[in-house]
Amino acid sequence: MTDRPPEERRAPWPEPPDLLPDEGGGTLLKTRSDDDRDPSSQDAHLQVDFVQQVVEAVRREDAAEAADLVDGLALPDLADLFEVLPPSDRRQLAALAGDNLDPAVLPELDGQVFTDVVRQVPATLVAEAVRQLDSDDAIAVIEELDEDVQNQVLRRLAAADRVVIEEGLAYPEESAGRIMQRDLVAVPQFWTVGQTIDYLRAENPSLPDDFYEIIVTDPFHRPVGAIALSRVMRNERRVKIGDIMTRDPHLIDVMADQEDVAYHFNKYHLISAAVIDQSRRLVGVITVDDIVHVVEQEAQEDILALAGVSEGGVNESIVTMTRSRFTWLLVNLGTAVLASAVIGRFEATIQQLVALAVLMPIVASMGGNAGTQTMTVAVRALATKELSAANALRIVNKELLVGLINGALLAGVIGGVAWAWFGDPLLAGVLAAAMVINLAVAGLSGILVPMTLSRLGIDPAVSSTVFVTTITDVIGFLAFLGLAALVLL
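Summarised in this report is the structure supplied together with it. (Residues numbered from 1 in each chain as written. Predicted model: local features only at pLDDT ≥ 70, side-chain atom pairs only at ≥ 80, totals over all residues. Heavy atoms only, no water.)

**Some details on the nonpolar core**
Heads up, the condition is: The set of buried Ala, Val, Leu, Ile, Met, Phe, Trp, Tyr and Cys residues whose side-chain atoms join them within 4.5 Å is what this entry labels a nonpolar core. Accessibility here uses a 1.4 Å probe with only protein chains present; expressed as a share of the type maximum, an area under 20% marks a residue as buried, one over 50% as exposed, and anything in between as partly exposed. In DSSP terms, a helix is any run of H or I states spanning at least four residues, a strand is any run of E spanning at least two, and both are numbered starting from the N terminus. Contact criterion: two residues are considered in contact whenever any of their non-hydrogen atoms come within 4.5 Å of each other.
Ranked by internal contacts, the top residues of the largest apolar core, which has 45 residues, are Leu81, Phe82, Leu101 and Leu106. Looking at this core, the elements that each hand over two or more residues are α2 (48–59), α3 (63–70), α4 (75–84), α5 (87–97), α6 (111–118), α7 (123–132), α8 (135–142) and α9 (147–155). In this structure Phe82 touches Arg90, Leu93, Ala94, Leu101, Leu109, Val113 and Val117, once residues within four positions along its chain are discounted. Residues Ile350, Ile414, Ala434 and Phe480 belong to the second largest nonpolar core, which totals 30 residues.

**Considerations on the packing of aromatic side chains**
Note the following rule: The pairing test for Phe, Tyr and Trp rings, Trp by its six-membered ring, is centres within 6.5 Å, and the orientation test on the planes gives stacked under 30 degrees, edge-to-face over 60, and tilted for anything in between.
Overall, the coordinates contain two aromatic pairs when judged by the stated rule. A centroid spacing of 5.5 Å and a plane angle of 75° characterise the contact between Trp191 and Tyr199, whose relative ring orientation is edge-to-face. Residue class for Tyr199 comes out partly exposed when judged on its relative accessible area of 24%. Relative to Phe422, the ring of Trp421 lies with its centre 4.9 Å away and its plane at 20°, an arrangement referred to as stacked.

**Thoughts on unusual backbone geometry**
In the Ramachandran plot, His269 falls in the positive-phi region, its phi being about 55° despite a non-glycine side chain. Summarising the element assignment, His269 is placed in the loop between α15 (258–268) and β8 (272–276). One non-glycine residue, Arg280, lies in the positive phi region at around 65°. Looking at where Arg280 falls in the secondary structure, it is placed in the loop between β8 and β9 (282–287).

**Describing the side chain of Asp102**
Stated precisely, the cut-off is as follows: Each polar contact in these results corresponds to two N or O atoms within 3.5 Å; when the atoms are within protein, one needs to be able to donate a hydrogen and the other to accept it, and residues that are neighboring in sequence are counted only if both atoms are side-chain atoms.
Topologically, Asp102 is positioned in the loop between α5 and α6. One polar contact links the side chain of Asp102 to the main-chain amide nitrogen of Ala104, over a distance of 3.0 Å.

**Considering a nonpolar patch on the surface**
So the rule is basically this: Distance thresholds for patches are 9 Å for like charges and 5 Å for nonpolar side chains (Val, Leu, Ile, Met, Phe, Trp, Tyr), applied to residues having over 30% relative accessible area and no salt bridge. Shrake-Rupley sampling with a 1.4 Å probe provides the accessible areas, and residues are treated as covered by the protein chains on show and by no other component. Each salt bridge in this description consists of a side-chain nitrogen of Lys or Arg and a carboxyl oxygen of Asp or Glu lying within 4 Å of one another.
Among the surface-exposed residues, Val358, Val413, Val417, Trp421 and Phe422 lie close enough to one another that they form a single nonpolar patch of about 460 Å² accessible area. Among the elements that take part in the nonpolar patch, helix α20 (residues 392–422) stands out by supplying four residues, more than any other. Checked against the element boundaries, Val413 lands in helix α20.

**Things to note about the pairing of strand β5 (residues 223–228)**
Put simply, the rule reads: Should DSSP find at least two bridges between two strands, the strands are taken to pair.
Of the strand pairs in this sheet, strand β4 (residues 213–217) and β5 are connected by five bridges, and their pairing is antiparallel. Residue Ile215 lies in a different strand from β5, and its bridge partner there is Ala226. Linkage of β4 to β5, two consecutive antiparallel strands, is achieved through a turn of five residues, within which His221 is found at a positive phi near 65°. By the bridge criterion, two bridges tie β5 to strand β6 (residues 246–247) in an arrangement that is antiparallel.

**Some points on empty space enclosed by the protein**
Going by this rule: Method remark: on a 1 Å grid restricted to protein atoms, a set of points is classed as a cavity if a 1.4 Å probe fits but cannot get out and as a pocket if it is open with protein on both sides within 12 Å along at least five of seven lines; lining residues have an atom within 4 Å of a point. Grid points are joined across faces, edges and corners, and a volume is the space filled by probe spheres set on the points. Any residue that is not Ala, Val, Leu, Ile, Met, Phe, Trp, Tyr, Cys, Pro, Asp, Glu, Lys or Arg is counted as polar, Gly included; the first ten are nonpolar and the last four charged.
Scanning the model with the defined rule gives one cavity of 30 Å³ or more in all. Reported here for the largest cavity is a volume of approximately 90 Å³. Those elements giving two or more residues to the lining of the largest cavity turn out to be β4 and β9. For the lining of the largest cavity, a count of residues per class yields seven nonpolar, three polar and three charged.

**Considerations on the environment of Ile458**
By the secondary structure assignment, Ile458 is in the loop between α21 (425–455) and α22 (460–487). The partly exposed category is assigned to Ile458, whose relative accessible area is 40%. Other than its neighbours up to four places away in sequence, Ile458 contacts Leu453 and Ser463.

**Topic: the sheet that holds β9**
Rule in force here: Interaxial angles span 0 to 180 degrees and are taken between N-to-C directions of axes, which are lines fitted to C-alpha atoms, for helices over the stretch in contact.
Across the sheet, three strands lie side by side as β7-β8-β9; this open sheet has mixed pairing. What marks the edges here is a single partner per strand, and that holds for β7 (251–253) and β9. Sheet twist, expressed as the mean angle between neighbouring strand axes with direction ignored, is 35°. Two strands pair when backbone bridges link them, and β8 and β9 are joined in this way by five bridges, in the antiparallel orientation. Note that in β9 the partner of Ala273 across the bridge is Ile286. Each of β7, β8 and β9 is contacted by α15, which is oriented at about 65° to β9, the strand it contacts most.

**Topic: the packing of α2 against α5**
Stated precisely, the cut-off is as follows: Each angle is binned into one of four classes, with values under 35 degrees roughly parallel, values over 145 roughly antiparallel, values of 65 to 115 roughly perpendicular, and all other values oblique. Left-handed describes a crossing whose near helix is turned anticlockwise from the far helix through less than a right angle; right-handed describes the clockwise counterpart.
Look at α2 against α5: their axes get within 9 Å of each other, and the N-to-C directions meet at 65°. In terms of axis orientation, α2 runs roughly perpendicular to α5. The handedness of the crossing between α2 and α5 is left-handed. Counting all contacts with α2, which are made through Val54, Val55, Val58 and Arg59, the residues of α5 involved are Asp89, Gln92, Leu93 and Leu96. Class assignment for the residues of the contact of α2 with α5 results in five nonpolar, one polar and two charged.

**A word on a negative patch on the surface**
Our working rule: Under the convention used here, Asp and Glu are negative, Lys and Arg are positive, and both His and the chain ends fall outside the count. Taken as the charge centre is NZ of Lys, CZ of Arg, CG of Asp or CD of Glu, depending on the residue.
Side chains of Glu108, Asp110, Glu144, Glu173 and Glu296 sit close together on the surface and give a patch of like negative charge. Relative to the helices and strands, Asp110 is located in the loop between α5 and α6. For Asp110, a relative accessible area of 46% translates into the label partly exposed.

**Regarding α5**
What counts here: As used here, the arc belongs to the directions running from the helix axis to the C-beta atoms.
Listed in full, the buried residues belonging to α5 are Asp89, Arg90, Leu93, Ala94 and Ala97. End-on, the buried residues of α5 take up no more than an arc of 135°, which puts them together on one face. Residues of α5 that are buried sit in contact with α2, α3, α4 and α6. Where α5 ends, the next residue or the one after it, Gly98, has phi of about 55°, a positive value.

**Quick look at the pairing of β8**
Inclusion rule: Clockwise travel from the first strand over the helix to the second, with the strands pointing away from the viewer, marks a crossover as right-handed.
Burial within β8 is extensive, with five of its five residues counted as buried. Here β8 shows a buried face lined by Ser272, Ala274 and Ile276 and a second buried face lined by Ala273 and Val275. In this sheet, β8 lies alongside β7 in parallel orientation, the contact comprising three bridges. In the strand pairing of β8, Asp253 is matched with Ile276. You can see the chain leave β7, run along α15 and come back into β8, and the turn it takes is right-handed. In this structure, the hairpin formed by β8 and β9 is closed by a connection of five residues, where Arg280 is found at a positive phi of approximately 65°.

Shown next as structure tokens:
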């Protein structure tokens, strides 16, 4: 299962292009993109006029014009076009394409867009995509399908391809086994450079189209070294691979979490790495292009989680988006009630001094923002392993000091504003003191909450926000109203 070379890839679906003679007597492929879109723009396919033309062609069910419009688009650009189209038009465009849609576009689609498109094309097209793609991309396509469609596609594959896919699906989601490629180049260490080059040049469909390193194995198919292609090409044919290979290569456990694999690649600046099973036998290889996708996926998940959204994407259905956000909104509602309960305890105090009601949101809001800043830095540091038990105390003390300094600086500002506003120096002093207290607590909670959740085995990106904002809200109201009750009344 490998990508076809570019010259063998067909257009999204067959619509005869206009062929114009060039000055040299040959032909030039002329597509609509040459006439109607600015060739200097990398996002010409996303321009409003172009998208509207596609929509109009789709709604007229004019397959010929739709094909002419998208002819010449690169696969990622075609995927972008599917994403910006309204759901009904997206499905209709896929239906108009049918068997003629280039199956290699499927791995470029995500979430609801993938679902919309794949439901409109026959299972034979999906099977064709799986057959053509590298094993990791093929598995990424298969795992997004409904179970019945999966079975239809798998039945249309050759036995060898089906075994590879089923083995990949047997590994846990987001593990190294899911993202590794089965197509790889491995040679024994007693081979010479000449033998290796001859092997690479031979007609061998099992070899991948693109690779960066050659894995060197022992007789038990266990990796013992690796060698870059550049080193192979720069040595004489008689030199043995074992003499020029890099020993003790970086190895990835097949069950390792993909986030840990990405960290490993980033830390050691890897281009590729061999994947091994429990017996340390070679089972696959992970390349840096796979890791780029993982990094993007993990970053997206963390950003969404920090906002309390379990699933993202503007193309998700209304039901999915509502469900993914409701849970954390419900939790936030509970924490808001807790903060309101604290305010209710000081109802009499607020009635005696109305200025407190005007000023108290300032303390809570500033504490929440400061806590979120610290929490975001802490979550990132935990993910990149910059924050660990070895330096936790030093980092906690630093965040506390930063909170105290910012609190003192902001206290001077807001204290002066409150004094000028209400003409009450004691009120200004209470507000300034509460600001210092809450920003110090914000610094502590912003670092301690993610660390505690991580120690408990809970993803700190998912639930830190709720706890941190609750703490800063409660402490902010409690500090300000409590000091006001003691000092002013």
